[in-house]
Structure formats: C-alpha cells, structure tokens
Amino acid sequence: MNTREPAEAGRTEERVLAKIIVVTSGKGGVGKTTSSAAIGTGLALRGFKTAIIDFDVGLRNLDLIMGCERRVVYDFVNVINKEATLNQALIKDKRTPNLFILPASQTRDKDALSQEGVQAVLNELSRDFDYIVCDSPAGIEKGAQMALYYADIAVVVTNPEVSSVRDSDRILGILQSKTRRVEAGEEPVQEHLLLTRYNPARVQAGEMLSVQDVEDILAIPLIGVIPESEAVLKASNQGMPVILDQETEAGQAYSDAVARLLGEVVEHRFLEVQKKGFFKRLLGGK
Ligand SMILES: Nc1ncnc2c1ncn2[C@@H]1O[C@H](COP(=O)(O)OP(=O)(O)OP(=O)(O)O)[C@@H](O)[C@H]1O
Ligand SMILES: [Mg+2]
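Conventions adopted
- Residues numbered from 1 in each chain as written.
- Chains lettered and ligands numbered in written order.
- Predicted model: local features only at pLDDT ≥ 70, side-chain atom pairs only at ≥ 80, totals over all residues.
- Heavy atoms only, no water.
- Helix = DSSP H or I, 4+ residues; strand = E, 2+ residues; numbered from the N terminus.
- Rg over C-alpha atoms; globule rule 2.2 N^0.38 Å.
- Buried < 20%, exposed > 50% of the residue type's maximum accessible area, 1.4 Å probe, protein only.
- Contact = heavy atoms within 4.5 Å.
- Areas by Shrake-Rupley, 256 points an atom, 1.4 Å probe, with all protein chains shown as cover.
- Lys, Arg positive; Asp, Glu negative; His and termini not counted.
- Charge placed at Lys NZ, Arg CZ, Asp CG, Glu CD.
- Pairing = 2+ DSSP bridges.
- Near = heavy atom within 4 Å.
- Polar contact = N/O pair within 3.5 Å; in protein donor to acceptor, adjacent residues only side chain to side chain.
- Nonpolar A, V, L, I, M, F, W, Y, C, P; charged D, E, K, R; others polar.
- Salt bridge = Lys/Arg side-chain N within 4 Å of Asp/Glu carboxyl O.
- Phe/Tyr/Trp six-rings, centres within 6.5 Å; stacked < 30°, edge-to-face > 60°.
- Lys NZ or Arg CZ within 6 Å of the ring centre and 35° of its normal.

### Thoughts on the overall build of the protein
Next up, step 1: Broken down by element type, the protein carries 13 helices and eight strands.
Next up, step 2: The C-alpha atoms of the protein give a radius of gyration of 19 Å, which matches the 19 Å a tight globule of 286 residues would have.
Next up, step 3: Projected onto its principal axes, the C-alpha coordinates of the protein cover approximately 65 × 40 × 40 Å.
Next up, step 4: Here the protein, with 286 residues, has 52% of them falling under the buried criterion.
Next up, step 5: Pairs at least 24 apart in sequence give 73% of the contacts found in the protein among residues at least 6 apart.
Next up, step 6: Here the protein has roughly 14100 Å² of accessible surface; of this, 49% comes from carbon and sulfur atoms.
Next up, step 7: Looking at the protein, you have 34 positive and 40 negative side-chain charges, and the mean spots of the two groups are 4 Å apart.

### What to know about the sheet that holds strand β3 (residues 91-92)
Next up, step 1: Read from one edge of the open sheet, eight strands run β3-β4-β2-β5-β1-β6-β7-β8, paired in mixed fashion. Either end of the sheet is taken by a strand with one partner, and the two such strands are β3 and β8 (222-227).
Next up, step 2: Two strands pair when backbone bridges link them, and β3 and strand β4 (residues 99-102) are joined in this way by two bridges, in the antiparallel orientation. Bridge pairing in β4 places I91 opposite I101.

### Some remarks on the site of ligand 1
Next up, step 1: Taken together, 16 residues surround ligand 1, and among them G29, K32, T33, T34 and S229 come closest.
Next up, step 2: D56 has a polar side-chain atom sitting 3.5 Å from an oxygen atom of ligand 1.
Next up, step 3: One nitrogen or oxygen atom from the side chain of R197 is found 2.9 Å from an oxygen atom belonging to ligand 1.
Next up, step 4: Alone, ligand 1 offers 640 Å² of accessible surface; in the complex the protein occludes 83% of this.
Next up, step 5: When residues of the shell around ligand 1 are traced back to their parent elements, those giving at least two are α1 (32-45), β8 and α11 (230-237).
Next up, step 6: Per element, the largest residue contribution to the shell around ligand 1 is three residues, and it comes from α1.
Next up, step 7: The residue inventory of the shell around ligand 1, partitioned by class, reads six nonpolar, six polar and four charged.

### Examining the side chain of E191
Next up, step 1: Tracing the sequence through the fold places E191 in strand β7 (residues 190-198).
Next up, step 2: Within polar-contact distance, the side chain of E191 engages the side chain of Q176 at 2.9 Å.
Next up, step 3: If we ignore the near neighbours within four places in the chain, the residues touching E191 are A154, L172, L175, Q176, I220 and P221.

### Quick notes on the side chain of S35
Next up, step 1: The residue S35 is located in helix α1 in this model.
Next up, step 2: Excluding residues within four positions of it along the chain, S35 makes contact with V23, V157, L194, T196 and Y254.

### Structural notes on the pattern of salt bridges
Next up, step 1: Counting across every chain of the model gives 11 salt bridges.
Next up, step 2: A salt bridge links K27 to E161; its shortest N-O distance comes to 3.4 Å. Of this pair, K27 sits in the loop between β1 (19-24) and α1 while E161 is found in the loop between β6 (153-158) and α7 (162-175), placing the two residues 134 residues apart along the sequence.
Next up, step 3: In this structure, the salt-bridge partner of R269 is D256, at a minimum N-O distance of 2.9 Å. In this pair, R269 sits in the loop between α12 (249-261) and α13 (278-282) while D256 sits in helix α12, placing the two residues 13 residues apart along the sequence.
Next up, step 4: Within this structure, D152, R180, R181 and E186 form a network of salt bridges that share partners.

### Here's the deal with the packing of aromatic side chains
Next up, step 1: Counting across every chain of the model gives four aromatic pairs.
Next up, step 2: Considering the side-chain rings of F48 and Y131, the 5.1 Å spacing of their centres and the 90° angle between planes classify their relative orientation as edge-to-face. With a gap of 83 residues between them, F48 in the loop between α1 and β2 (50-54) and Y131 in strand β5 (residues 131-135) connect regions that are remote in the sequence. Y131 carries the same exposure label as F48, and that label is buried.
Next up, step 3: Measuring from centroid to centroid gives 5.1 Å for F55 and F76, while their planes differ by 75°, and the two rings are edge-to-face. With F55 in the loop between β2 and α2 (62-65) and F76 in helix α3 (residues 76-80), this residue pair connects regions lying 21 residues apart in the sequence. The burial state of F55 is the same as that of F76; both residues are buried.
Next up, step 4: Positioned above the aromatic ring of F129 is the side chain of K49, whose terminal nitrogen or guanidinium carbon lies 4.7 Å from the ring centre.

### A word on the pairing of β7
Next up, step 1: Among the nine residues in β7, seven count as buried, and that is most of the element.
Next up, step 2: Where β6 lies against β7, six bridges are found, and the strand directions are parallel. Of the residues in β7, the one forming a bridge with V156 is L193.
Next up, step 3: Two strands pair when backbone bridges link them, and β7 and β8 are joined in this way by four bridges, in the parallel orientation. Residue pairing in the sheet places Y198 in a bridge with P227 of β8.

If you want it as structure tokens, here you go:
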C-alpha cells in the first residue's frame, strides 16, 4: 500500500506524489482541527509519512492539540515568504514516527497565504510525503478555499445540526466548482462525510439530526461517526490527539474512520444509545 511509483523518466511537469486531504466544514467549531490531528496521526500510525498543515492563519490551534506549541519557531507563512525552509518549519511529532506538523502563522494578516505560495509548499511536501492533511479555517471564504483548492480528498466535518449541515452543503458546492481538479478537468475531489459530536441519546430525543438525516441531505459517503465525548477535550488539553487514546470511543471511532479512508470496510460503531447491563447484550442488543 505504502509504495510510491518512481517518477516516469523524461517527465517534465511537476508530479504530485502525496495525497492531499482537506479537512473542511464551512461552520466553525465543529471539530476540524481535532479531526485533522486524529486523521494525520492515524495515517502516520499506519506507516504513511504524513504532514498536517494548519491553514488557520492567526489562530494556531493545531500545534496546541498536537502538543508542540512550545517548539514552534517558524511557520507556514515564513516558508511561503522564504524566511525559512520547509525543513526548518516542519515540526517532527514527538510521539508518532512519520508525522510532521506545519504550524500556522500568528500574523493578523489573513491574506498572508498566497495561492502560488501554498502551491509551492504543497509541491515540495508532495515529493517527500505520502499524505498531506490540510486543516481548514472556518467559513467558506478565501482561507477555506485556499485550504481545499489543491485537495484530492475532502473530509467534510459536520455536526448533527441544521446550521452545520447547511454550511457543509455550501462547502460541497465549492469543492465541486472551485478546485484545481475541477479546473483541470480531472476526476473530482473525493468527498467523505465525517459526523462529529454525535450524541445518540439526543438524536433519540429528537434534539439532533440522525446519521441518516445528515446522509440524506449531503448525499456523500460516510467515513465515520465520532461520538460527543469529554475525552476529546481532555486529550486536547493534554496536547494529545484523541486517536492515541484507544480506551475512548472517540479514539476508536477515529481509527475506524482512518481505516475507511484507506478503503477498508469497517462496521460503524457508537451510533446507538449505549444499553446498560448484560441482559440486553445477552438478548442480542448492540
Ligand atoms: N467529538 C467531540 N466531542 C466533544 N467535543 C468535541 C468533539 N470534537 C470536537 N470537540 C470540541 O469542540 C471544540 C472545537 O473543536 P475544533 O477546534 O477541533 O473545531 P474546529 O472546527 O477546528 O474549529 P474552528 O472552526 O474554530 O477551527 C473543541 O473544544 C473540541 O474539544
Ligand atoms: Mg480549527
């Protein structure tokens, strides 16, 4: 799986080797950065050389969730402005081999990322990495569009509520019209739905949309359902991607999502209200 074909002899154009995954949503605060950290770590745990890039200029959340904020010296914008090389700016993850983080700049200039600059960084990374995970800023404006423009694969992070689903639908519109792939007439960006902060009890009480509701509206394949869990906040407070805590349902659900991203068929878990007691299990309850 993890083999890369050598570049064909005599080819002159830039050959993109890494798969570029954008983690996007439209709506803010739905779990993009949490998911980027988990998916990037999960891919690296599978042996793929992976870089996670924080596109959220000015905010810098990814390095906190990855627990590497004290090691940030140079960032994405420094590389684009040629104030640092990619090697200087990439932070090697301290826990997971094969994993690197490119932190966001804390500049207040939201226009600090240029299309050509982003392309140059992605091209350089592509030669050396298997996967590049782009953690998108919120919204559907320039920053979010920049993060998804070069994507091969999109993970559309959605919460089971109307406003989040509506914004995800908007992002799907952009994925289908404003990407390098569409412009070049290539295969479209592969779209995947990642439903996060899912609370089956609240779905049962009619307070949240069900998996089926969201799937019906967005009509893209479901790659995972991450339960609403305190473990996520706890892990991020510790600067640790939750996927490393396989004792937690959220960690397990992210592992399943990574497996599906890699094409494995894995049954969905954590979709139903947990039934208590061994009696129900004895009777065949899930
Ligand atoms: N499955 C979950 N269960 C509980 N809390 C979660 C879950 N996923 C994310 N959160 C919490 O939601 C908040 C927002 O998460 P995160 O920063 O990943 O979202 P985001 O989409 O990247 O936000 P932004 O749009 O601001 O970049 C955080 O406090 C995070 O801990
Ligand atoms: Mg974020």
